[in-house]
Amino acid sequence: QLEIVRAAWPCLRPGGALVYATCSLRPREDEDIVDQVLKEFGDAELEDLSGLAAGGDATLRLWPQTHDSAGFFAAKLRKAGDGGGAAVATDADEDVADAARDYLRDAWGVTSLVG
């Protein structure tokens, strides 16, 4: 997993975002990878996804017993540049969020991210 992100990061434009997502519940495949990316790439910043699910930290984790779905992990990393840090949310961002919610509902049966 780490090698994939290492290969992708240099291709990301400054200010761009990379969503690292797995269907794993293992910290070594999830948080540990994100932590390593943050250590290796000084221009990487973790964006806060805590508002997407109850009880989350900056990342998103769906537990099968809580969300009646397969296990899932996601983190959003942004490459500093072009203003750096997190971008201002736009209507297009809301459209992407709606599409992600639709996908989670249709593909994984997740009907609520607040549990």
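Rules used throughout
- Residues numbered from 1 in each chain as written.
- Predicted model: local features only at pLDDT ≥ 70, side-chain atom pairs only at ≥ 80, totals over all residues.
- Heavy atoms only, no water.
- Core = buried A, V, L, I, M, F, W, Y, C linked by side-chain atoms within 4.5 Å.
- Buried < 20%, exposed > 50% of the residue type's maximum accessible area, 1.4 Å probe, protein only.
- Contact = heavy atoms within 4.5 Å.
- Salt bridge = Lys/Arg side-chain N within 4 Å of Asp/Glu carboxyl O.
- Helix = DSSP H or I, 4+ residues; strand = E, 2+ residues; numbered from the N terminus.
- Arc of directions from axis to C-beta.

## Things to note about the nonpolar core
Formed by 14 residues in total, the largest nonpolar core has its most connected members in Trp-9, Leu-18, Tyr-20, Val-34, Val-37 and Leu-77. Once residues within four sequence positions are removed from consideration, Val-37 is found in contact with Leu-2, Val-5, Ala-44 and Leu-77. Counting seven residues, the second-largest nonpolar core is a separate cluster that includes Leu-62, Phe-72, Ala-74 and Val-110.

## Remarks on the pattern of salt bridges
In the structure shown here, the tally under the stated rule is seven salt bridges. Here Arg-61 ties to Glu-31 by a salt bridge, and the two come within 2.7 Å at their closest N and O atoms. Here the residue Arg-61 occupies a position in strand β3 (residues 60-62), and Glu-31 occupies one in helix α2 (residues 31-40), the gap between them amounting to 30 residues. Judged by its relative accessible area of 13%, Arg-61 is buried.

## A closer look at α2
An α-helical turn contains 3.6 residues, so any two residues separated by three or four positions project in the same direction. Turning to α2, its buried residues are Ile-33, Val-34 and Val-37. In an axial view of α2, the angular spread of the buried residues amounts to 100°, which keeps them on one side of the axis.

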